[in-house]
Amino acid sequence: MAEASKSTIALPFDSAAIAEAAALIAAGEPVAVPTETVYGLAADARNAEAVARIYAAKGRPDFNPLIVHVPDLGAAERLGVFGAVERALAARFWPGPLTLVVPRTVDCPVASIATAGLDTIALRVPGHRAMQALLAESAAPLAAPSANASGGVSPTKASHVLASLDGRIALVIDDGPTTAGVESTIARVTDGAVEILRPGPVTREMLGEASGLPVTGVEGSEIVAPGMLASHYAPGKPVRLGATGFADDEYGIGFGAVAGDYNLSAVGDLTEAAARLFDALHAGAASAKAKIAVAAIPVEGLGAAINDRLARAAV
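Residues numbered from 1 in each chain as written. Predicted model: local features only at pLDDT ≥ 70, side-chain atom pairs only at ≥ 80, totals over all residues. Heavy atoms only, no water.

Draft legend 1. Focus on the overall build of the protein chain. Across its full length, the protein chain holds nine helices and 16 strands. Computed over its C-alpha atoms, the radius of gyration of the protein chain comes to 19 Å, within 12% of the 20 Å expected for a compact globule of 315 residues. Counting only residues that meet the buried cut, the protein chain has 54% of its 315 residues in that class. Accessible surface, the protein chain: about 12100 Å² in total, of which carbon and sulfur atoms supply 54%. Put simply, the protein chain has 23 plus and 33 minus side-chain charges, and the middle of one group is 3 Å from the middle of the other. (Helix = DSSP H or I, 4+ residues; strand = E, 2+ residues; numbered from the N terminus. Rg over C-alpha atoms; globule rule 2.2 N^0.38 Å. Buried < 20%, exposed > 50% of the residue type's maximum accessible area, 1.4 Å probe, protein only. Areas by Shrake-Rupley, 256 points an atom, 1.4 Å probe, with all protein chains shown as cover. Lys, Arg positive; Asp, Glu negative; His and termini not counted. Charge placed at Lys NZ, Arg CZ, Asp CG, Glu CD.)

Draft legend 2. Examining the side chain of Glu36 more closely. Of note, Glu36 is situated in the loop between β2 (31-34) and β3 (39-44). At 3.3 Å, the side chain of Glu36 and the backbone nitrogen of His128 are in polar contact. In contact with Glu36, other than residues within four places in its own chain, are Gly96, Pro97, Arg124, Pro126, Gly127, His128, Thr178, Thr179, Ala180 and Gly181. (Polar contact = N/O pair within 3.5 Å; in protein donor to acceptor, adjacent residues only side chain to side chain. Contact = heavy atoms within 4.5 Å.)

Draft legend 3. Seen up close, the packing of aromatic side chains. Counted under the stated rule, the structure contains one aromatic pair. Seen in terms of ring centroids, Phe82 and Trp94 are 5.9 Å apart; in terms of plane orientation they differ by 65 degrees. Their pairing is edge-to-face. Remark: Trp94 occurs in the loop between α4 (84-93) and β5 (98-103) and Phe82 occurs in the loop between α3 (73-77) and α4; sequence separation between them is twelve residues. Neither residue differs from the other here; Phe82 and Trp94 are each classed as buried. (Phe/Tyr/Trp six-rings, centres within 6.5 Å; stacked < 30°, edge-to-face > 60°.)

Draft legend 4. Spatial organisation of the pairing of β5. With five of six residues buried, β5 is to be regarded as a mostly interior element. Taken together, the three bridges between β5 and strand β9 (residues 185-190) define a ladder with parallel strand orientation. Counterpart to Thr99 in the pairing with β9 is Ile186. As judged from the four bridges shared by β5 and strand β6 (residues 120-124), these two strands associate in the antiparallel manner. If you follow Val102 over to β6, its bridge partner there is Ile121. (Pairing = 2+ DSSP bridges.)

Draft legend 5. Structural view of the pattern of salt bridges. For the structure on display, the rule yields 14 salt bridges. In this structure, Glu29 and Arg53 form a salt bridge, with 3.8 Å as the shortest nitrogen-oxygen distance. With Glu29 in the loop between α1 (15-26) and β2 and Arg53 in helix α2 (residues 48-58), the pair connects residues that are 24 residues apart, well separated along the chain. Using a relative accessible area of 30% as the deciding quantity, one classes Arg53 as partly exposed. Notably, a salt bridge pairs Arg309 with Glu183, separated by 3.0 Å at the nearest N-O pair. Of this pair, Arg309 sits in helix α9 (residues 303-313) while Glu183 sits in the loop between β8 (171-174) and β9, and the two are 126 residues apart along the sequence. Classification of Glu183 as buried rests on a relative accessible area of 6%. Each of the salt bridges in this network shares a partner with another, and the network as a whole consists of Glu183, Asp308, Arg309 and Arg312. (Salt bridge = Lys/Arg side-chain N within 4 Å of Asp/Glu carboxyl O.)

Draft legend 6. Quick peek at the nonpolar core. Ranked by size, the top nonpolar core spans 43 residues in total, and within it Trp94, Leu98, Leu123 and Leu207 carry the most contacts. Sorting elements by how many residues they give to this core places α2 first, with five residues. Apart from the residues lying within four places of it in its own chain, the contact partners of Leu98 are Leu89, Phe93, Leu123, Arg124, Ser184, Thr185, Ala187, Val202 and Leu207. Membership of the second largest hydrophobic core comes to 25 residues, among which are Leu270, Ala274, Val294 and Ile306. (Core = buried A, V, L, I, M, F, W, Y, C linked by side-chain atoms within 4.5 Å.)

Draft legend 7. How the structure looks around unusual backbone geometry. The linkage connecting Trp94 with the following residue, Pro95, adopts the cis geometry, with an omega of -5 degrees. The topology assignment puts Pro95 in the loop between α4 and β5.

Draft legend 8. Just the side chain of Ser138, in detail. Its place among the elements puts Ser138 in helix α5 (residues 129-138). For Ser138, a relative accessible area of 17% puts it in the buried group. Of note is the side chain of Ser138, whose polar atom sits 2.7 Å from the backbone oxygen of Leu134. With near-sequence residues (within four places) excluded, Ser138 lies in contact with Ala22 and Ile25.

Draft legend 9. The packing of helix α8 (residues 270-286) against α9, seen in detail. Their axes nearest at 9 Å, the elements α8 and α9 cross at an angle of 20 degrees. Regarding the angle of α8 to α9, the classification is roughly parallel. Seen along the crossing, α8 lies across α9 with a hand that is left-handed. On α9, the residues that touch Leu270, Ala273, Ala274, Leu277, Phe278 and Leu281 of α8 are Gly303, Ile306, Arg309, Leu310 and Ala313. Across the contact of α8 with α9, the residue classes break down as nine nonpolar, one polar and one charged. (Axes fitted to C-alpha atoms, helices over the stretch in contact; angles between N-to-C directions. Parallel < 35°, antiparallel > 145°, perpendicular 65-115°, else oblique. Left-handed = near helix turned anticlockwise from the far one by under 90°. Nonpolar A, V, L, I, M, F, W, Y, C, P; charged D, E, K, R; others polar.)

This is the structure:
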């Protein structure tokens, strides 16, 4: 078993890699594993010390709760209280990139450190084969924020994990680049509406259609769900948004006709742009240029999630 003080081992996804990862999980160590959104840093959510090791590896503020991943709705209902609307949303979007914030069950075994002491829990059923395999092999609910140092750019490749956390964790399972490219939508049902706590691949329109309820955005600065810190996703350089051109000292992240050094989507496709967003920010952070500038991205649909991440990166 690798020690956290040594270089992190990267193993390609297969049954042996999953078995090694599950053994580390059982020993209370976090491991990096891909989901369909970004790579996550997973540990047994019932083990407070293991969850603390996630926070330690990431340097994450302890008031920011973690998403707990489970294999199916039945497992989710053993941890959280689901009403009819939550079940309808789960039936429509699980497995997939939607996280639901619900009240904890009375006997919920998840350590309070994973929910930052809140009486609610953020739950998701992931669709990625690697995370589902690890859930099955470990037989544990897995707390799993993005596998990067807190406040940095979220990882969409195993190489991104190694660039940020090498030596801080024992293992990363490499199953290629993620597909969605941005973290899951986080939502909760409250007062006859669905409230989006963090935009993501499941859009406002999709939530409204599936629930039959009005969909609103979160107000205020209370930390009630993962990813709500204003300075999340910072690449460590000044970031200028809405660029129509780029200065010589700026790494240009383009979109559509505004090309730049890295074009999120030459044809203006928001899904392609979302999948490439964090890779572009990583490239900008690693470049020799002192600043990063990003072309304007439309705010409709998945563009809302992209602009949310960019606004946080620019703080």
